[in-house]
Amino acid sequence: MRVLVVDDDFMVAKVHSGYVARIPGCEVVGVAHRGAEALDLAARLRPDLVLLDVYLPDMSGIDVLGELRTGAPDDPSVLVITAADDSATVAAALHGGALHYLVKPFDSRALQEQVERAVRIRGRLASLDRAGQADIDRLFGDDRPGGGTGAAARLPKGLTAPTAELVERVLRAADGDLSASECAERTELSRVSARRYLEHFVDTGAVTVRLRYGGTGRPERRYSWARPGR
């Protein structure tokens, strides 16, 4: 996956480039700090993925998105990364063909999930001659390996399939049950985020929970994977 990073802030661009460089199979082929520069580099370097800021000094990142996403088969995928959280900008990015939209600040795992998703989608498209409906559903909806038939399918708003898969893997690999704090440490998520995924799995029946009493205060909730197939 050849990646072009576009951000007006030199330090932010450097940080994002560092995130990408640590993802196996990904390479930063260029960095741009202005919209016109981004379009020029995209034309010359033909990246697979563009990490695109909205606030650029010479033009809006949404306008850059429109220039990049022409409908041609070799158009790069575009992941919008911005501090803009207004609904109009989000809608413009969605309608402009952005693969996803990350609001700053975010952690490196959130970016890694979306870059890996872009890799999977591009790989699936390259391997298809004709697309069946199951293939299309995975490309336009749940693109997780396995096609969304596992515990991470039909996630509530705000939860993402790659992170759900990560939590699932950690629970499956655990020797016994885990608390939300232990799960958060192993997945490098916040405790609040880890608990949201754990409670979702409890609601779906994929995870069982028990209460461990000891000391004062509320009992600790301990989670373990309930489904067969470890």
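You'll find the structure just up there.
What comes next is a walk through the structure. (Residues numbered from 1 in each chain as written. Predicted model: local features only at pLDDT ≥ 70, side-chain atom pairs only at ≥ 80, totals over all residues. Heavy atoms only, no water.)

**Side note on helix H9 (residues 191–204)**
For the α-helix, the turn length of 3.6 residues means that residues three or four positions removed from each other point alike. The end-to-end C-alpha separation of H9 is 20 Å, in line with the 20 Å expected for 14 residues at 1.5 Å each. Among the residues making up H9, those that are buried are Ala194, Tyr197, Leu198, Glu199, His200 and Phe201. Looking at the buried residues of H9, the elements they touch are helix H7 (161–173), helix H8 (180–187), strand E6 (207–212) and strand E7 (220–225). Just downstream of H9, Gly205 is the residue with a positive phi angle, here 85 degrees. (Helix = DSSP H or I, 4+ residues; strand = E, 2+ residues; numbered from the N terminus. Expected span 1.5 Å × (residues − 1). Buried < 20%, exposed > 50% of the residue type's maximum accessible area, 1.4 Å probe, protein only. Contact = heavy atoms within 4.5 Å.)

**A few points about helix H3 (residues 61–68)**
Within the span of H3, buried status applies to Gly61, Ile62, Val64, Leu65 and Leu68. Viewed end-on, H3 has its buried residues packed into an arc of 155 degrees, placing them on one side of the element. Its buried side turned inward, H3 meets helix H2 (35–45), strand E3 (49–52), strand E4 (77–82) and helix H4 (87–95). Where H3 begins, one side-chain oxygen reaches toward the backbone nitrogen of Ile62, 3.0 Å away; that side chain belongs to Ser60. (Arc of directions from axis to C-beta. Polar contact = N/O pair within 3.5 Å; in protein donor to acceptor, adjacent residues only side chain to side chain.)

**Side note on the side chain of Gln114**
Here Gln114 lies in helix H5 (residues 108–127). Among the residues examined, Gln114 registers a relative accessible area of 5% and is labelled buried. Ignoring sequence-local partners within four residues, the contact set of Gln114 consists of Leu79, Leu99, His100 and Leu102.

**Some words on the side chain of Asp75**
Tracing the chain through its elements places Asp75 in the loop between H3 and E4. For the buried Asp75, no salt bridge is present, and the opposite-charge side chain at shortest range is Arg69, 4.7 Å distant. Only 2.6 Å separates the side chain of Asp75 from the backbone nitrogen of Thr70, close enough to count as a polar contact. Contacts of Asp75, omitting those with residues within four sequence positions, involve Leu68, Arg69, Thr70 and Arg122. (Lys, Arg positive; Asp, Glu negative; His and termini not counted. Salt bridge = Lys/Arg side-chain N within 4 Å of Asp/Glu carboxyl O.)

**Some thoughts on the sheet that holds E3**
Spatially, the 5 strands line up as an open sheet ordered E2-E1-E3-E4-E5, and their pairing is parallel. Either end of the sheet is taken by a strand with one partner, and the two such strands are strand E2 (27–32) and strand E5 (100–103). Across the sheet, the mean angle from the axis of one strand to that of its neighbour is 20 degrees, orientation sign disregarded. Across 4 bridges, E4 lies against E5 in parallel orientation. What sits directly across from Thr82, in E5, is Val103. (Pairing = 2+ DSSP bridges. Axes fitted to C-alpha atoms, helices over the stretch in contact; angles between N-to-C directions.)

**Side note on the pattern of salt bridges**
Tallied over the entire structure, the rule returns 13 salt bridges. With its nearest N and O atoms 3.3 Å apart, the salt bridge here joins Glu220 to Arg222. Of the residues examined, Glu220 reaches a relative accessible area of 29% and is grouped as partly exposed.

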